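Results of the structural survey
This is what each chain is made of:
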Amino acid sequence: MTPMQKLLQLPVNAVNMVKTVQNQVQGFQEEDKSPVLSPDGAHQAWYSALQPDELRHLRSGGSGGGGGGGHNSEERAPLEEGGGGGGGQTQPLRHDDLKEMLDSNKDSLKLEAMKRIVAMIARGKNTSDLFPAVVKNVACKNIEVKKLVYVYLVRYAEEQQDLALLSISTFQRGLKDPNQLIRASALRVLSSIRVTIIVPIMMLAIKEAASDMSPYVRKTAAHAIPKLYSLDPEQKDQLIEVIEKLLADKTTLVAGSVVMAFEEVCPERIDLIHKNYRKLCNLLVDVEEWGQVVIINMLTRYARTQFLNPNLNECLLEEGGESTFYGSDADQDEDEDEDKKDEALSKRKPYVMDPDHRLLLRNTKPLLQSRNAAVVMAVAQLYFHLAPKAEVGVIAKALVRLLRSHSEVQYVVLQNVATMTIKRRGMFEPYLKSFYIRSTDPTQIKVLKLEVLTNLASETNISTILREFQTYIKSMDKDFVAATIQAIGRCATHIGEVRDTCLNGLVQLLSNRDELVVAESVVVIKKLLQMQPEKHSDIIKHMAKLTDNIQVPMARASILWLIGEYCEHVPKIAPDVLRKMAKTFTNEEDIVKLQIINLAAKLYLTNSKQTKLLTQYVLNLAKYDQNYDIRDRARFIRQLIVPTDKCGALSKYAKKLILALKPAPILESPFKDRDHFQLGSLSHLLNTKAGGYQELPDWPQDAPDPSVRNVEVPEWTKCSSREKRKEKKVEKPFYSDSEGESGPTESADSESDSASSSASGSEQSGSGSEESEESEERSDSDEEEEEEEEEAKKRKTQKKEPIEAVQQSESEQSSEEEVKKRKVSIPPPRNVSESESDDDDSPSDSSQDSESEDSESEAEVKKKKKITPPKAPTKPVKKEGKKEKKEMSLLDFDDFEPTPSPQVTPVGNFLSSSLVTDLEGLSLTDTVLSPATISPSGSLKSYELLHRITGEGLWVEYCFSRQPFLPDPHMVAVQIQFTNSAATEAKSLRLEEAKLQSGMRVKEFPEIEVLPAGESATVVMGVDFCDSTQAANLQLCTHSRKFFVSIQPPVGELMTPSFMTENEFKKEQGQLMGMNEITEKMQLPERCQNEHAIVQRVIAAANLSRVPCGSDKECSSPAPPPPGPPVHRFAGRTVTSGSLVLVTVATKESGPSQLTINCEKMVIGTMLVKDILLALTQ
Amino acid sequence: MIHSLFLINHSGDIFLEKHWKSVIGRSVCDYFFEAKEKAAEPEDVPPVLQTPHHYLISIYRDRLFFLSVIQTEAPPLFVIEFLHRVVETFQDYFGECSETVIKDNVVTVYELLEEMLDNGFPLATESNILKEMIRPPTILRTMVNTLTGTSNFEERLPSGQLSTIPWRRSGVKYTNNEAYFDVIEEIDAIVDKSGTTVCAEIQGVIEACVKLTGMPDLTLSFMNPRLLDDVSFHPCVRFKRWEAERVLSFIPPDGNFTLMSYHVNAQNLVAIPVYVKQNISFFESGSGGRLDLTAGPKQTMGKTVEGLVITVHMPKAVLSASLTATQGSYTYDPATKVLVWDIGRLNPQKLPNLRGSLSLQAGAPKPEDNPSINIALKIQQLAISGLKVNRLDMYGEKYKPFKGVKYVTKAGKFQRPACVAISHFST
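Residues numbered from 1 in each chain as written. Chains lettered and ligands numbered in written order. Predicted model: local features only at pLDDT ≥ 70, side-chain atom pairs only at ≥ 80, totals over all residues. Heavy atoms only, no water.

Within an unreviewed UniProt entry, the label attached to chain B reads AP-3 complex subunit mu-1, and the organism entered is Gadus morhua. Per UniProt, the comment on chain B under Function (unreviewed entry) is "Part of the AP-3 complex, an adaptor-related complex which is not clathrin-associated. The complex is associated with the Golgi region as well as more peripheral structures. It facilitates the budding of vesicles from the Golgi membrane and may be directly involved in trafficking to lysosomes." For chain B, the Sequence similarities (unreviewed entry) comment in UniProt is given as "Belongs to the adaptor complexes medium subunit family." (UniProt positions renumbered as here; feature names shortened; annotations may be inferred.)

Structure (structure tokens):
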């Protein structure tokens, strides 16, 4: 069996559960259809040796001797039989063929069915009705079937929560597998199932996996964290703990995933990064590419909060000069740059880069050479936001390289480059030609390139750029041409020297045959003319002539505005234009009409003699226009300019108002100020804050304490704090020396060069040298300040120290290695459980077998022995019970409806019931236990099933009698009391199934024919809750009415007591470690300290039996009683599946007590912990 | 991060959907279709769209849209890069990435997508790992599978996921150990009408095909690494070795991969291997025009130019062309207005020429702009930049591998080799 197949093995009980589902769906087929799976398989044990195919031959009385050919029809036969059973055929029959294939025994058929189903999912078809048929194949041995079932499961689990639960145990088992890949795969699927009820299980699984030996499993755990968080944000605090733990992980495999989880769950907890900062920086190069992106983006934010702005001092000094630095080739100039900076810095308060800041810059730089565009972009934005100005230049080359990638990549990169070019033009100037536009670029790329080119334009390169623009204007892509004309306009506004050239060029375009080109030019020229109108009256005249031809509204409006605004420069033409416009007024577009009114008003004010009548005419036309804006404008203008008696006050100022000098528009890049968004982010691209975007913080004024990043010796080497101290001492001289060479005002290049050369040799050998690098940074962060003053002094001493230091650091490393070895030699607890889970399968099975054999012989004897001890405490229980009743109703378990915890059952009662069982078993009678034999005990907590009022006088209550339900041992006995408080008698009371959760079964009580008024009757029915606390929804029928009622079991009622010795208990417990063990600490209230109280409360909360412990001295085991404080143990089995439930309460004289539950069914375990915890602590 | 993926064909049908978190309805794509309506060309659909509750990030490859839905802030390049990686994985698996192929292999596609992302975050994107988990389909295996009902899944566990070198699968065995490296260079240039180069760049990649047993550690060195101005590497290459010694040191993935791509900084010194003389004019009357193209070798360093294809994007008014070519064949597509002249091998003695008349739409004004011309070509045995591989050494394994290096020069951007190469912008 391959390990992969193991993963899919279902535990016995799971198969049963699936089986029951199948029953429901297929209409209660005969159990024997697939005898191998049948739940009460004891008497059919001999079947299991046969192959199903053979079985069929057997059943059909040997008639199918024909062999292989007819297997198809044979397969169908049992199905048809089953179909007659009734009930299940209500479902649409669309996918019947697929169901049939899934039910078949042939993997190939199953595979084919799954493939078809997956293909349907891929096409978006709804296949949710196949869920029951598919989910039981989760146990299929064929890996591909299994994988496809996973695909299906993850897709539909959310819609079919209850059925999905059936698959959980498979994954739980997988979580314990010795093979790390299977553990990981199980966790991955488990955590992908979006079912809220399993949140506690996921939480446990994640916690467990987070401390797994295998880094791959830990990685999967990190992946699971955001999944759980999105399912239940309440778990945040616990998840943060896990994240904190995983952040400390030292492997590259985990790093990316855990930072991703960090970003999704708690990006604000920047403090968690401190201790891991240096490690993340050092691991970065080796992390997989996707993880790199996430880590770099996160570290950018981190650095913004922890370090000082490296450009703070330069800003003032170098603003103007930057372009010249970059104008020519990089290397030489950078040195000069460096020198200048040094001078500047010496005058001001010297800025010293935090070595951690440097570490980040240095370690991300090589990633600019990644093949992954996202990584390159991440590094680029990091440099843009964090690096000193002089160093940002390195990213340009890499970004330009990305422009040769796919157009989508270009699109995003160009957007970011556009933003960068506004702040740091010099950086991209050498690459100007890379932004030249190709005729084959998509329009959106062309427009962006144009944007970049415009941003890059300066006095020196404008001529080249304009020449390039000229070719673009001839392009066939009109949108692009329009964008080009605007770009020319922008260049002209920014660079005064070329304004006239540009203007002339644009004017030439006015004679272009393409109207769009002309129109766009007009709009741009208008903007340009506003800057120096007096020089260009001829252009205005020229444009006035265009009104005859140009039809584009925006252009017409622009021309009219120009003429109106500068009518003094064209005194003769302007009235004529108005005349023409007045003629066509009614046919113009709205914006044009508005400008005609404006023109008329302006002319009226300047040249009223010629235009008075025209203006009146236009205003009159406008008065009756359809558009209310135009009517408003006309009314407003008329009042303003035409002096009347009423409103003379304003018209005095009409000239000032209308003919005020308008400031020229500033043509700005749409990318201005976009850099307040973190570059490379979605928010930057959209220029709006996207959901979940984390603001890039501003630099702090003063640097936060850098020592927070100092990593102490990891926890597992708690051994000696002396070592730690020694380490620190050693480091100082050692590193301050290496740092001393470059001095406080370290230059970027020399630094990184020396670092890379020193690191390069050792890069493969890894940890050792990296660690030393890491600690290097650590030490000088402490050093830096002191160093300055003391530097001179120190130089002398330093020269002696290095050799010594190196030696010491070596010894240090070796000591660390020792520690590591030590760590290995002491295997962590996980190891134990793992090795145990290897042989997990066999013992549990065998133990179950032996259990059943034993039970008859041994159990009886033992039980009798055990009867005595817990007998006494009957009275106090009742008291407590009353108190609890109220409190309990307030307590909910997560998403469940309020689960009232059962009233305390007197121990005596429970014992007697178990005696009844024994006797029943012995007497071998198969008579149903009649209602009469069960004494309805008042002490049982009863729940209302039907209220007196809604029931119209019929009042129904139920309680869990904790008696075994004899007709079917897998059912929980529910005792129902009918009271007829109505005036008339109730007839034919019975229950019917209404809508049972899949898998649940109900054994109804015999119908009560007549219930006279004022009488009450008690009956017992059995419900198989499938080991879940889901309510059983039923229909209560009387002769006249039907009521919908539901019975909801508390988790403690889903089990029956099981008797075992302490040794057996311990043995079983040993097999249910790991995921199946849940431990909680609690503070017992005083009245709960004694043994009686504990036993009572636990037994009240859950139907368990006490395991006699050594201190009782009754146990036959020779082991001496444990010297420590008493430990109470309880055992039981779940009713449906018979899974063991082991409860241990360990009290301590001082400090918290501990409650441990071992149960294969984790849902049950988790819920039981809560219930018992409540029972004990309330 | 990535919530869902929709594959949309050219005509706007969603033919595959995959959700990594809870299901998002198809209707979210309507926003995309709206944008697609607006765009003239599929390439013009904005890659990032904002809808009230989601963000749509899409790529257009091989006439298919890959549309991903995200709900919260995520680096757009991250998503785009991932989507391209998906396409490349499909190409790797199925040879091409088209609607039919995806539909035919829908189960494998689904399995791949399932493994590539976990909860929307990339999990296994290395083809070596993926192939350990899911076998690529072959005709033979498909037949065997249908006959025997066996699966595409590897029975072995994909242990590659665990290793620190995720790109290489474990337990590789070959009888012939070979390592081939193809140095492919492309010239990207814009030449104006007068023949002067506006800008020219050389872009190179080294494609490797390494089939070596075990865990070989290779070192590739160049004669003239100084030529390389800007480089990007496959993750297997050790950055620090490159920075310090200018050698490529790496443990290679198994099979085909792109080892590095580089850029040669030669500014305008790039030798353009061919020239095209063009004369395209339209009559004033507006009824037609003349076209005359001649191609010739310029600086080919003694090698023959092959696969020469000249593409002319005609003005919209051009209805048809009746031309004669002295060599090769031409096609004119009246729908896209593209004239393609496939010349083939360039004969320096007898220069190929294409001439004839163009007919214009009746009544259309004379097109004022001259069309742009793109050239695609290929030169074997030549890396135009002069880059030379010095030697390849192998450590870590004992056998002697067979090594080979091949040089090819092409024109054009590599992602769209069919259409751009050297654009002539005429003035």
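Picking up after the structure, the text goes on.
1. A closer look at the overall build of chain B
The secondary structure content of chain B amounts to seven helices and 24 strands. A separation of at least 24 residues holds for 68% of the contacts in chain B among residues at least 6 apart in sequence. Looking at chain B as shown, the accessible area adds up to about 17,200 Å², and 52% of this sits on carbon and sulfur atoms. (Helix = DSSP H or I, 4+ residues; strand = E, 2+ residues; numbered from the N terminus. Contact = heavy atoms within 4.5 Å. Areas by Shrake-Rupley, 256 points an atom, 1.4 Å probe, with all protein chains shown as cover.)

2. Thoughts on unusual backbone geometry
Residue and element names in this part refer to chain B. At aspartate 62, a residue that is not glycine, the phi angle is positive and equals roughly 50°. Along the chain, aspartate 62 falls in the loop between strand S4 (55-61) and strand S5 (64-70). Its identity as a non-glycine residue notwithstanding, arginine 246 has a phi of 60°, on the positive side. Among the structural elements, arginine 246 can be located in the loop between helix H7 (239-245) and strand S12 (247-250).

3. So, the packing of aromatic side chains
The description of an aromatic ring pair uses the distance of the two centres, along with the angle that the planes make with each other. Under the defined criterion, the tally for this structure stands at 25 aromatic pairs over all chains. Through a chain of ring-to-ring contacts, the aromatic side chains of Trp290 of chain A together with Phe78, Phe82 and Phe121 of chain B assemble into a single cluster. Directly above the aromatic system of tyrosine 156 of chain A lies the positively charged group of arginine 155 of chain A, at a separation of 4.5 Å from the ring centroid. Residue placement shows arginine 709 of chain A over the ring face of tyrosine 277 of chain A; its charged tip is 5.5 Å from the ring centre. (Phe/Tyr/Trp six-rings, centres within 6.5 Å; stacked < 30°, edge-to-face > 60°. Lys NZ or Arg CZ within 6 Å of the ring centre and 35° of its normal.)

4. Points about the pattern of salt bridges
Across all of its chains, the model carries 45 salt bridges over all chains by this definition. With its nearest N and O atoms 2.9 Å apart, the salt bridge here joins arginine 556 of chain A to glutamate 588 of chain A. Residue arginine 556 of chain A is found in helix H33 (residues 553-565), and its partner glutamate 588 of chain A is found in the loop between helix H34 (573-584) and helix H35 (590-606); the two are separated by 32 residues along the sequence. Assigned by exposure class, arginine 556 of chain A and glutamate 588 of chain A land together as buried. Across the pair glutamate 81 of chain B and arginine 85 of chain B runs a salt bridge whose closest N-O atoms are separated by 3.8 Å. Of this pair, glutamate 81 of chain B and arginine 85 of chain B both sit in helix H2 (residues 76-94), four residues apart, which is roughly one turn of that helix. Across this residue pair, the class does not change: glutamate 81 of chain B and arginine 85 of chain B are buried. (Salt bridge = Lys/Arg side-chain N within 4 Å of Asp/Glu carboxyl O. Buried < 20%, exposed > 50% of the residue type's maximum accessible area, 1.4 Å probe, protein only.)

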